[in-house]
There are 2 protein chains.
Amino acid sequence: MNTFDESDINNMAQRYRANFVNSLSGYKSANLIGTASAQGQTNLTIVSSVVHIGAHPPLMGMIMRPHTVRRDSLENIKATGVYTVNAVPVELYAQAHQTSARYDESASEFTQCGFNEYWRAGFAAPFVAQSPLQVGLELAETIDLTVNNTVLVIGRIKQVSVDKTRIDQDGGIDINALDLACISGLDTYHEANAIAKMAYAKPDNPPKLIKHYKP
Amino acid sequence: MNTFDESDINNMAQRYRANFVNSLSGYKSANLIGTASAQGQTNLTIVSSVVHIGAHPPLMGMIMRPHTVRRDSLENIKATGVYTVNAVPVELYAQAHQTSARYDESASEFTQCGFNEYWRAGFAAPFVAQSPLQVGLELAETIDLTVNNTVLVIGRIKQVSVDKTRIDQDGGIDINALDLACISGLDTYHEANAIAKMAYAKPDNPPKLIKHYKP
């Protein structure tokens, strides 16, 4: 094992350091954020920073980089107050990655990258029709992280669309059965296989499996 | 596909809703947070909320739940100013999950769950010896999320330990080669397989693979 200290990291070339530090958080979910401007221009961008904030009220967060990621998404979210989070199916990872290209503001990544908009009545942001797990959110709060000028966007979950046969008896969604992609670093895509579902851990009991997936 | 609106979600039983909403963020990294109290009592807890904040300066974040997760970790971080983030190897998922049990404050999850402390000179928090990717952080900021009384803990990366042969030429770490676990929901563990590493996306070019992992 090799140890890299702060000065080693600061001395890395910019792109090398970006790849290195982005790898440190391991596997990350691949999600497409769907928005529309007040004029109806749609926008779609891949993010790997979606994080669970809480279940009651149901909240999700994500980190946005106004200076590196195109600003349209965040501007649209602020303008309309709503956005969608759509899980990326494994087979569409390449076109999902393509939404990170800097298209003109007048182009929609939906059409440019081959995703279909799906609109639900009463909700002013487009979902990704090809996604098996679609979440519609209302902006709850944006928190400026002054430490590096990024923004934590917190949304209240207004609706979730998923095939109900994929929901386990305990309410958990069988993510593995949805064939979703995950990301490491900035650009590497993975598929995952479930190993086990664990029982609630208790100090006096050894780890206990509820379900074993691997053959 | 079935759609669940806000009232459907709010009407779910508490545990069912927790499982459901925790599933919506898809695959999440599995990390063990190592801390010590000012008196040297160590603590280890699994989290699935680690998120990349930025590369320059190098920063990582995580969401902590003072009211549901045991408070020791956050108290230790505030008391000593440092903590470690240790990626969970696939083969240790069950004992990593076990660190979520509510052990007495006087017990260390390192010994209770079978992890070995590794101390590095000049750093006041324990690493997990069995982890192939160990990050030492200094607390940069805690941000109280008033929307649900959770806390965003932001740390500045002080050191990273990883086998240097696992670092690609572009600085990215080959996460797949480290055999790390990922989590969905609160309790389901997965292994992942890399599919492809993608080139930086450009509007005028189709998606381009840099490396194809699948046979």
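### Considerations on the confidence of the model for chain A
Thought 1: Residue-level pLDDT values for chain A average 95, and 97% of them are 70 or greater.
Thought 2: Per the prediction output, this complex has pTM 0.96; the corresponding ipTM is 0.96.

### Focus on the interface of chain A and chain B
Interface size is often expressed as the accessible area that is lost when the parts come together.
Thought 1: If you look at the interface, chain A gives 107 residues, while chain B gives 107 residues.
Thought 2: Taken together, chain A and chain B are joined by six salt bridges.
Thought 3: Notably, a salt bridge pairs glutamate 6 of chain A with arginine 156 of chain B, separated by 3.9 Å at the nearest N-O pair.
Thought 4: Counting every contact that joins chain A to chain B gives 48 residue pairs in polar contact (both at pLDDT 80 or more).
Thought 5: No other element matches the eleven residues that strand 13 (residues 188-198) of chain A contributes to the side of chain A that touches chain B.
Thought 6: Here the residues of the side of chain A that touches chain B are counted per class, giving 54 nonpolar, 33 polar and 20 charged.

### Examining unusual backbone geometry
All names here are of chain A.
Thought 1: The omega torsion across histidine 56 and proline 57 is 5 degrees, close enough to zero to call that bond cis.
Thought 2: Here proline 57 shows up in the loop between strand 5 (51-55) and strand 6 (58-64).
Thought 3: Positioned with a positive phi, asparagine 149 is a non-glycine residue whose angle comes to about 60 degrees.
Thought 4: Assignment of secondary structure puts asparagine 149 in the loop between strand 10 (133-145) and strand 11 (150-162).
Thought 5: The phi torsion at aspartate 179 lies on the positive side, around 55 degrees, for a residue other than glycine.
Thought 6: Residue placement: aspartate 179 occurs in the loop between strand 11 and strand 12 (181-184).
Thought 7: Relative accessible area serves as the criterion here: at 48%, aspartate 179 is assigned to the partly exposed category.

Scoring rules and cut-offs
Residues numbered from 1 in each chain as written. Chains lettered and ligands numbered in written order. Predicted model: local features only at pLDDT ≥ 70, side-chain atom pairs only at ≥ 80, totals over all residues. Heavy atoms only, no water. pLDDT = per-residue confidence, 0-100. Contact = heavy atoms within 4.5 Å. Salt bridge = Lys/Arg side-chain N within 4 Å of Asp/Glu carboxyl O. Polar contact = N/O pair within 3.5 Å; in protein donor to acceptor, adjacent residues only side chain to side chain. Helix = DSSP H or I, 4+ residues; strand = E, 2+ residues; numbered from the N terminus. Nonpolar A, V, L, I, M, F, W, Y, C, P; charged D, E, K, R; others polar. Buried < 20%, exposed > 50% of the residue type's maximum accessible area, 1.4 Å probe, protein only.

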